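So you can see what is in the structure, the chains are spelled out below.
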Amino acid sequence: PDLFTAQVARTPDAVAVVVEGVELPYAELDKRANRLARWLITRGVGPEQFVGLALPRSVDMLVALLAVTKTGAAYLPIDPGYPTARIGFICADANPAVVLTVNEFSGRLPMDVARLVIDDARTGKEIAGYSGTAVNDADRARPLLPSHAAYAIYTSGSTGQPKAVVITHQNVVDLAGWAAAEFGASGLSRVLATTSLNFDVSVFEIFCPLLVGGCVELVRDVLALGEPGATQRVASVVSGVPSALSHGLSQGSAGAVRADTVVLAGEALSARVAREIQAATSCRRIANIYGPTEATVYATAWYSELLVDQPPPIGSPITNTQVFVLDGWLRPVPVGVVGELYIAGAG
């Protein structure tokens, strides 16, 4: 939160968020988030707690996300479209102090979950009555530490019961530092955010540009990029799962999305899909980036400015990260020998 506050001071009038043509500058985004944060703090929300977010993809979603981090609590994405049993499991397992939601989605939450409906007229009036000035430790229930949780994301549960991966503020700062060094402020100047908050790539798409003065263009999902009649989008970065992004772009007209860099992650990348995305976006650079949720979004990265003619590798470790290929006895294997990938470092 302190890094975002510092960025607001540097670029208060720059556009921070664009959603369906509506623009919000840094100063206004910050004020709205501060008001909501103060409202939450008066209700006991603070570090070492979780706050659920069951919200539509809108400006209010980003305001709420920033507000929760300002309180010191960790945000917990809850997709209102999930099956009732899954939503119930997440709420029971994480035990959020409160869930921020809207009237449309409130009924999908378990009856015993505390909720704050932010589009309620009375609630809106209450929030507007709070100060929009910066929130600091003097305002919080207790000091916010780098080791406090910033968010928790539940995995897909491919190996059994879904489990929460809890990531700290210092982990997110490390990711943002790598992104700032790797892409630069110009490279993150306009990022298309197509990923659900329930997947960790959204952390890269939202926080990394907002900490260097970039603009986040919030899109419903990756498939919306290629819908018939969709307006052309020009971005410095667009990211996504290769198969989904390729499919979405193929549905629209040629040139629907133009991007300087395309970041692909989440599944193995074939040469064919890489070429299709390169052609569809006219990108200057394509990146194949790998990382499990537990490693704070990304762990290794590969880049190319050439037309991809063979399956790209997952590349080399990103900043402050080490990777090792080990055998079943945790010994490094020789080059060319199959082993398991172990990841270490600040992520």
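Residues numbered from 1 in each chain as written. Predicted model: local features only at pLDDT ≥ 70, side-chain atom pairs only at ≥ 80, totals over all residues. Heavy atoms only, no water.

A. Expanded view of the layout of surface pockets. In this structure, the second largest pocket occupies an estimated 370 Å³ of space. The set of elements that each furnish at least two residues to the lining of the second largest pocket consists of α1 (2–10), α3 (59–71), β7 (149–154) and α7 (169–187). Here the element with the most residues in the lining of the second largest pocket is α7; it accounts for four residues. When the residues that make up the lining of the second largest pocket are grouped by side-chain class, the tally is 13 nonpolar, three polar and three charged. (1 Å grid on protein atoms, 1.4 Å probe; cavity = no way out; pocket = protein on both sides within 12 Å on 5 of 7 lines; lining within 4 Å. Points joined across faces, edges and corners; volume = space filled by probe spheres on them. Helix = DSSP H or I, 4+ residues; strand = E, 2+ residues; numbered from the N terminus. Nonpolar A, V, L, I, M, F, W, Y, C, P; charged D, E, K, R; others polar.)

B. Structural context of empty space enclosed by the protein. Going through the model one piece at a time under the given rule, you end up with two cavities of 30 Å³ or more. Reported here for the largest cavity is a volume of approximately 40 Å³. Lining the largest cavity are Pro77, Tyr82, Arg86, Ile90, Ala152, Ile153, Tyr154 and Asn198. Elements with a contribution of two residues or more to the lining of the largest cavity: α4 (84–94) and β7. It is β7 that contributes the most residues to the lining of the largest cavity, three residues altogether. In terms of residue class, the lining of the largest cavity is built from six nonpolar, one polar and one charged. The volume enclosed by the second largest cavity comes to roughly 30 Å³. For the second largest cavity, the full set of lining residues is Asn171, Asp174, Leu175, Ala295, Thr296, Tyr298, Ile318, Thr321 and Gly347. Here the lining of the second largest cavity takes three residues from α7, the largest share from any one element. Grouping the constituent residues of the lining of the second largest cavity by class yields four nonpolar, four polar and one charged.

C. Summary view of unusual backbone geometry. Although it is not a glycine, Glu20 sits at a positive phi angle of roughly 50 degrees. On the secondary structure map, Glu20 appears in the loop between β1 (15–19) and β2 (22–25). At Leu330, a position not held by glycine, the phi torsion is positive, near 65 degrees. Note on placement: Leu330 falls in the loop between β16 (321–326) and β17 (340–345).

D. The arrangement of the side chain of Ser202 in detail. Positionally, Ser202 belongs in helix α8 (residues 201–210). By relative accessible area, Ser202 is classed as buried at 1%. A polar contact of 3.5 Å, which involves the side chain of Ser202, links it to the backbone oxygen of Ser196. Excluding anything up to four places from it in sequence, Ser202 contacts Thr195, Ser196 and Leu197. (Buried < 20%, exposed > 50% of the residue type's maximum accessible area, 1.4 Å probe, protein only. Polar contact = N/O pair within 3.5 Å; in protein donor to acceptor, adjacent residues only side chain to side chain. Contact = heavy atoms within 4.5 Å.)

E. Main features of the pairing of strand β3 (residues 50–54). Across the five residues of β3, four count as buried, placing the element largely inside the fold. Across four bridges, the pairing between β3 and strand β4 (residues 74–77) is parallel. Paired with Val51 across the bridge in β4 is Tyr75. In this fold, the crossover linking β3 to β4 by way of α3 has right-handed handedness. Pairing geometry for β3 and strand β5 (residues 98–101), over four bridges, is parallel. Paired with Gly52 across the bridge in β5 is Val99. (Pairing = 2+ DSSP bridges. Right-handed = clockwise from strand over helix to strand, strands pointing away.)

F. Structural context of the pattern of salt bridges. What the rule picks out here adds up to 13 salt bridges. For Asp221, the salt bridge identified is with Arg220, shortest N-O distance 3.1 Å. Take Asp221: its relative accessible area is 25%, and that puts it in the partly exposed class. Among the charged side chains, a salt-bridge network with shared partners connects Arg190, Glu217 and Arg233. (Salt bridge = Lys/Arg side-chain N within 4 Å of Asp/Glu carboxyl O.)

G. Main features of the side chain of Glu217. Positionally, Glu217 belongs in strand β10 (residues 215–218). Here Arg233 takes part through its side chain, which lies 3.1 Å from a polar atom of the side chain of Glu217. Other than its neighbours up to four places away in sequence, Glu217 contacts Val18, Arg190, Val191, Leu192, Ala193 and Arg233.

H. Spatial organisation of the nonpolar core. Grouped together as the largest cluster of nonpolar side chains are 71 residues, with contacts concentrated most on Leu100, Phe204 and Tyr298. Sequence-distant contacts of Tyr298, that is, excluding residues within four places in its chain, are made with Leu175, Trp178, Val201, Phe204, Val263, Ala265, Ile289, Tyr290, Gly291 and Ile318. If you look at the next biggest cluster of nonpolar residues, it comprises 22 residues, including Leu192, Leu249, Val257 and Ile286. (Core = buried A, V, L, I, M, F, W, Y, C linked by side-chain atoms within 4.5 Å.)

I. A look at the packing of aromatic side chains. Inspection of every chain in the model, using the stated rule, returns nine aromatic pairs. With a centroid separation of 5.3 Å and 65 degrees between ring planes, the pair formed by Phe204 and Tyr298 is classed as edge-to-face. On the criterion of sequence distance, the pair formed by Phe204 in helix α8 and Tyr298 in the loop between β13 (285–290) and β14 (300–304) is long-range, its members being 94 residues apart. A residue is classified by how much of its surface remains accessible, and Phe204, at 1% relative accessible area, is buried. What makes Tyr298 buried here is its relative accessible area of 2%. When the ring centre of Tyr82 is taken as origin, the NZ or CZ atom of Arg86, which lies over that ring, is 4.8 Å away. (Phe/Tyr/Trp six-rings, centres within 6.5 Å; stacked < 30°, edge-to-face > 60°. Lys NZ or Arg CZ within 6 Å of the ring centre and 35° of its normal.)

By themselves these figures say nothing about function.
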